[in-house]
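Structure at a glance
Each chain is listed here by its residues.
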Amino acid sequence: MYQLHLGQLTVAEFMAQYWQKKPVLLKGGFTDFADPLTPDELAGLATEEDIESRVVAKTTDGQWQLETGPFEDYSAFGEQGWTLLVQAVDHWHPEAAQLIEPFRFIPNWRIDDLMVSYSTPGGGVGPHLDQYDVFIIQGMGKRHWRVGMPDASLQQICPHPRLLQITPFVDCIDVITEPGDILYIPPGCPHDGISVDASLSYSVGFRAPAQKDLLTGLADFLIEQDQSGARYTDPHRLPVSDIGRISDADLDQVQQLLLGLVNNRALLASYFGQYISHAKHELDASEPEPHYAADEIIEYLAEGSVLGRLGGLRICYHHAHIDADIQLFINGLTITLPAEALPFVQLLSEQVQLDEEACQWIAADANKAGLMTELINLGYWYFIE
């Protein structure tokens, strides 16, 4: 297990001083860092159709190229100046997924995925900015990073149809990162990393849904739930002569009608929990065949089995108050549980592995074992041999 070191900072001080405010280098954030995978293993993931990968390369004449995977051969890119990037490695590589765990002081629903990149000397993706927070962990090799503060004067440029970069920026961090160093970069901060030698980097990214995405998701949710909501009414309308005009009073009423949806806290919780727990990338779920019966699961758990959670599985919950039912959200699935199930819900949402003691505790309760059976049959939890 990796342990995060924030230097002289506590987690609370880091959040107060840096989170979504300014970038910072956490020198030696992971001491004695050992890469959880090799460049060859990363290249192996990039051969798969179901795994999102791309290569960004800068040619000798200064032109940028971008190709999407899967990849079988990299010889065409040469010995330097290119980077392989693979998304959602936490879905496919349990050891690499452990890199996310030290950052769990941020709620589960905010964490996106683990992207891993391998760069040859001189490799990078050019100066750019992201609209989300990211921790970039340096693995093998070294990388030269420049990071700046948000600057409204920066302009986006497109040196390749699928590659967005920005105009030159002023840096506030100029450093060469070594294995175990961690860069925290808030949204909107320009940054540029160029590999000094062959190197690996691990990016823990965070979700930051935009308004349009939330509204689109809400509309889809209402359609799926067959909920039309309240309709526009105007029993006190007065006659008008300017019949082509939409008045401010009309707009006020439309606005209130829309706000009525999001002001319904129960509806909002159900929608947002389903929406935000959906995996962004394909899950590698494998349902057991045939499915287990509950009594089988109880027997296995009572005997001291250990369970692992599927990589990339999103689990979160909403509990309005101490006596209220709990809504547990797992990859878009909603499960309603009584308030007394809170310790079980917290166990599922906080632990990526359930040890023998936890499994025996679950086996002793038919309700817990029944839900665990359902999750195992969905391929969301599995027995660790």
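Just so we're clear, the structure is a prediction, and the values are computed from it rather than from any experiment.

Re helix α10 (residues 366–377)
- Between the first and last C-alpha of α10 there are 16 Å, a value that for 12 residues agrees with the 16 Å anticipated at 1.5 Å per step.
- For α10, every residue scored as buried is listed here: Lys-368, Ala-369, Leu-371, Met-372, Thr-373, Leu-375, Ile-376 and Asn-377.
- For α10, the N-terminal cap is Asp-365; the gap from its side-chain oxygen to the backbone nitrogen of Asn-367 is 2.8 Å.

Some thoughts on the sheet that holds strand β10 (residues 173–177)
- On the basis of which strands lie adjacent, the open sheet formed by three strands has the order β10-β7-β12 and antiparallel pairing. The outermost strands of the open sheet, each flanked by one partner alone, are β10 and β12 (191–195). With strand direction ignored, the average angle separating the axes of adjacent strands in the sheet is 15°.
- Two strands pair when backbone bridges link them, and strand β7 (residues 143–147) and β10 are joined in this way by five bridges, in the antiparallel orientation. Looking across to β10, one finds that Arg-146 is bridged to Asp-174.

Notes on the side chain of Asn-331
- Examined against the element boundaries, Asn-331 turns out to sit in the loop between β16 (326–330) and β17 (333–337).
- Within the structure, Asn-331 has its side chain in polar contact with the backbone nitrogen of Ala-279 (distance 3.0 Å).

Some details on the packing of helix α7 (residues 294–302) against helix α9 (residues 356–363)
- At a minimum axis distance of 8 Å, the contact between α7 and α9 shows a crossing angle of 145°. For the crossing formed where α7 meets α9, the hand is left-handed. Across the interface between the two elements, Ile-298, Leu-301 and Ala-302 of α7 pack against Cys-359, Gln-360, Ile-362 and Ala-363 of α9.
- Split into classes, the residues belonging to the contact of α7 with α9 amount to six nonpolar, one polar and no charged.

What to know about a nonpolar patch on the surface
- Taken together, the side chains of Tyr-232, Val-254, Leu-257 and Leu-258 present a nonpolar region at the surface, about 320 Å² in accessible area.
- Assignment of secondary structure puts Leu-258 in helix α5 (residues 248–262).
- Taking the relative accessible area as the measure of exposure, Leu-258 reaches 55% and is therefore exposed.

Quick notes on the packing of aromatic side chains
- Throughout the structure, instances matching the rule amount to 28 aromatic pairs.
- Residues Phe-71 and Tyr-74 carry aromatic rings whose centres are separated by 5.7 Å and whose planes lie at 35° to one another, so their mutual orientation is tilted.
- For Tyr-74, a relative accessible area of 16% corresponds to the buried category.
- Pairwise contacts between aromatic rings join Tyr-2, Phe-14, Tyr-18, Trp-19, Phe-30, Phe-33, Phe-103, Phe-105, Phe-135, Tyr-184, Tyr-202 and Phe-206 into one cluster.
- Over the face of the ring belonging to Phe-169 we find Arg-146, whose NZ or CZ atom lies 4.4 Å from the ring centre.

The rules behind each value
Residues numbered from 1 in each chain as written. Predicted model: local features only at pLDDT ≥ 70, side-chain atom pairs only at ≥ 80, totals over all residues. Heavy atoms only, no water. Helix = DSSP H or I, 4+ residues; strand = E, 2+ residues; numbered from the N terminus. Expected span 1.5 Å × (residues − 1). Buried < 20%, exposed > 50% of the residue type's maximum accessible area, 1.4 Å probe, protein only. Polar contact = N/O pair within 3.5 Å; in protein donor to acceptor, adjacent residues only side chain to side chain. Pairing = 2+ DSSP bridges. Axes fitted to C-alpha atoms, helices over the stretch in contact; angles between N-to-C directions. Left-handed = near helix turned anticlockwise from the far one by under 90°. Contact = heavy atoms within 4.5 Å. Nonpolar A, V, L, I, M, F, W, Y, C, P; charged D, E, K, R; others polar. Patch = residues over 30% accessible without salt bridge, like charges linked within 9 Å, V, L, I, M, F, W, Y side chains within 5 Å. Areas by Shrake-Rupley, 256 points an atom, 1.4 Å probe, with all protein chains shown as cover. Salt bridge = Lys/Arg side-chain N within 4 Å of Asp/Glu carboxyl O. Phe/Tyr/Trp six-rings, centres within 6.5 Å; stacked < 30°, edge-to-face > 60°. Lys NZ or Arg CZ within 6 Å of the ring centre and 35° of its normal.

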